[in-house]
Every structure is written in structure tokens, then in C-alpha cells.
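The lines below spell out each chain.
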Amino acid sequence: MNIDEIIEKFKNSDYIKHADEHRERRKLCPKLKKDIENMNGQEFHDFINQEPFSMCAVRPNNIKSIVKNFDANKSIWVNLILGTEPIEKRIEKSLTINGVGIYTMSMILSATNDDNEYILYHKNLILAIKELYDKFQMYETSICINEINTINSTKKYIKFNELCKVLRDKFGFNNLDELHEFLWHGHDTKWEFGKTKYS
């Protein structure tokens, strides 16, 4: 089965509906943008802990630290979500917050970016791309997956995000939300895309 057939299988499956969860998350974010400067730590926690946000991959101790230190770090959160600095600087500053890693940062960034230009990172996405890398080499790109084996810095997240945008455009995904679901569930189902909770 080639890459086009795998993508077609995904688009004809119910897994594509999981992208709706990303859109629902994004619909909540105008309120976050409007209210964040006046939020306290508990209010921020309650907001990002509601469905369809998902903080299940964040260690409980990290969440506690984020909430406890929210007021002290509020300007950094505001800058990540509303700032006009180059994105590299905004991400770099957010990663200085105790308890915040690439997953948490990208969850907030992907949800609050109106143009859907930033992908929610998880290590399963890297594993998925590696599994299909022989097929992804059919196009020219200066970004090699082996260069970003572990996403643990601003520079590597930006490179990974650029690669994902290349894949989105090359293979006809409507947005990065769809690409995220294709990679996540492709890896999880061994590219079979069987039954889902939507089936």
C-alpha cells in the first residue's frame, strides 16, 4: 500500500472526525484570549482542563506547578498566546515555566493560533513519520526526520512543525489538525484505521 492509498483509507474512515475535537478546542480560545490577563491560576487550570482540551499527557506535578506559579508567569503565557514577538522567542520563554514542556506549549499554541499553523506535538507523531519515512522521501525537503528525533527544544519543535506543514501541503490535508489525527491514529492502528468511537 503506498502513501496515497494510506491517506485515502484515513479520509474514508471515521478517524478523520477526530479533527473536529481540535476545532472545538479552538472555538473556546477567544474566551481564553479575552480573559487570560485577568485569570488566576485556578481559573487557567479549569479552562485548559475542560473538554475538548486534554492535559492527560502532562504529569500531575507539572500541572500543580503551572497553576501555583501562574500569576508569576502570566506575562509569559500572555506573550505566547497574544504576543507579537517572533514565535521562536515566545516559545522559548514559555519553556522556561516550571512544568511546561513541548506538549503543553504546543497544546496551547495550536489551539490559540487562528490560522492553524502550529501542530500539537506528541512523540507518537515522530514515530508515525519514521514508519512512513520511506514513502515521505518522494519529495524534496531540507528537513530530515533524523535531525529531530527528539523534540526537546524550540528549534526542534519549529523544524518539526515546518516538516508537518510540508506534509500537509504535499499530501492534501486540509489543515494540521487532520495531519495530526492521520499520524496519531495511523501509528496507533498500524495504518489500518479500523473502528473508532465515532463508528
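Look up a bit, the structure's there.
All values derive from a computational prediction rather than experimental measurement.

(A) Examining the overall build of the protein chain more closely. Looking only at helices and strands, one finds eleven helices and zero strands in the protein chain. Mapped in sequence order, the helices and strands of the protein chain form the string α-α-α-α-α-α-α-α-α-α-α. The proportion of buried residues among the 199 residues of the protein chain is 51%. Considering only contacts within the protein chain whose residues lie at least 6 apart along the sequence, 67% involve residues at least 24 apart.

(B) Main features of helix 1 (residues 3-11). Turning to helix 1, its buried residues number three or more, namely I3, I6, I7 and F10. Down the axis of helix 1, the smallest arc covering the buried residues is 95°, so these residues share one side. Residue N2 occupies the N-cap position of helix 1, its side-chain oxygen lying 3.1 Å from the main-chain nitrogen of D4.

(C) Here's a closer look at the nonpolar core. Within the largest apolar cluster, 50 residues are counted, with the highest numbers of intra-cluster contacts made by F44, W77, Y157, F160, L179 and F182. If you list the elements that add at least two residues to this core, you get helix 1, helix 3 (41-48), helix 5 (70-82), helix 6 (87-94), helix 7 (102-112), helix 8 (123-131), helix 10 (154-171) and helix 11 (176-188). Here this core gets seven residues from one element, more than from any other, and that element is helix 10. Residues in contact with L179, not counting those within four places in the same chain, are I119, C164, L167, R168 and F173. I63, V67, Y103 and M107 belong to the second largest nonpolar core, which has six residues in total.

(D) Looking closely at the packing of aromatic side chains. Evaluated as defined, the whole model comprises eleven aromatic pairs. Measuring from ring centre to ring centre gives 5.0 Å for F44 and W77, while their planes differ by 50°; the resulting arrangement is tilted. Here the residue F44 occupies a position in helix 3, and W77 occupies one in helix 5, the gap between them amounting to 33 residues. As far as burial versus exposure is concerned, F44 and W77 are alike and both buried. Here the aromatic rings of F173 and F182 are separated by 5.2 Å at their centres, their planes lie at 40°, and the arrangement is tilted. On the basis of relative accessibility, which here comes to 6%, the residue F173 falls in the buried class.

(E) Molecular detail of the environment of H180. Looking at the secondary structure, you find H180 in helix 11. Sequence separation between H180 and H22 is 158 residues, and the spatial gap between their C-alpha atoms is 9.7 Å. Setting aside its immediate chain neighbours within four residues, H180 contacts H22, I119, L120 and L125. A distance of 3.1 Å separates the side chain of H180 from the side chain of E181, its partner in a polar contact.

(F) Structural context of helix 4 (residues 60-68). Within the sequence span of helix 4, burial applies to I63, S65, I66 and V67. The inward-facing, buried residues of helix 4 abut helix 3, helix 5 and helix 7.

(G) Spotlight on the pattern of salt bridges. The full count for this structure, using the stated rule, is nine salt bridges. Residue K9 is joined to E192 by a salt bridge in which the shortest nitrogen-to-oxygen separation is 3.1 Å. On the criterion of sequence distance, the pair formed by K9 in helix 1 and E192 in the segment after helix 11 is long-range, its members being 183 residues apart. Accessibility expressed as a relative area gives 48% for E192, which makes it partly exposed.

(H) Here's a closer look at the packing of helix 6 against helix 10. Packing of helix 6 against helix 10 brings their axes to within 9 Å, and their N-to-C directions diverge by 130°. Relative to helix 10, helix 6 is oriented oblique. In this structure, helix 6 crosses over helix 10, and the sense of that crossing is right-handed. Facing helix 6, whose interface residues are I87, E88, I91 and E92, helix 10 presents T154, Y157 and I158. For the contact of helix 6 with helix 10, the class distribution of residues is four nonpolar, one polar and two charged.

Rules of the game
All residue numbers here refer to positions counted from 1 along the written sequence of the relevant chain. Where totals are concerned, whole chains, interfaces and linings use all residues; where local detail is concerned, this predicted model gives features only for residues with pLDDT of at least 70, and gives and counts side-chain atom pairs only at 80 or more. The side-chain quantities take in all heavy atoms of the structure and omit both hydrogens and water. Secondary structure is summarised from DSSP: a helix means a run of H or I of at least four residues, a strand means a run of E of at least two, and numbering begins at the N terminus for each. Each residue is placed in one exposure class: buried if its accessible area under a 1.4 Å probe, protein chains only, is under 20% of its type's maximum, exposed if it is over 50%, and partly exposed if it falls in between. Two residues form a contact once any of their heavy atoms are found within 4.5 Å. Along the arc lie the directions from the helix axis toward the C-beta atoms. Under the rule applied, a polar contact is a pair of N or O atoms within 3.5 Å (in protein, one hydrogen donor and one hydrogen acceptor; residues adjacent in sequence only if both atoms are side-chain atoms). Nine residue types can take part in a nonpolar core, namely buried Ala, Val, Leu, Ile, Met, Phe, Trp, Tyr and Cys, and a core is a set of them joined through side-chain atoms within 4.5 Å. Pairing of aromatic side chains requires ring centres within 6.5 Å, counting the rings of Phe and Tyr and the six-membered ring of Trp. Pairs whose planes differ by under 30 degrees are stacked, by over 60 edge-to-face, and all others tilted. Salt bridge, as applied in this entry: a Lys or Arg side-chain nitrogen positioned within 4 Å of an Asp or Glu carboxyl oxygen. Here an angle of 0 to 180 degrees is reported between the N-to-C directions of two axes, which are lines fitted to C-alpha atoms, with helices fitted over the stretch in contact. Geometric relationships in this document are graded by angle, where less than 35 degrees denotes roughly parallel, more than 145 denotes roughly antiparallel, 65 to 115 denotes roughly perpendicular, and other angles denote oblique. By definition, turning the near helix anticlockwise from the far helix through less than a right angle yields a left-handed crossing, and turning it clockwise yields a right-handed one. Each residue gets one label: Ala, Val, Leu, Ile, Met, Phe, Trp, Tyr, Cys and Pro are nonpolar, Asp, Glu, Lys and Arg are charged, and the others, such as Gly, are polar.

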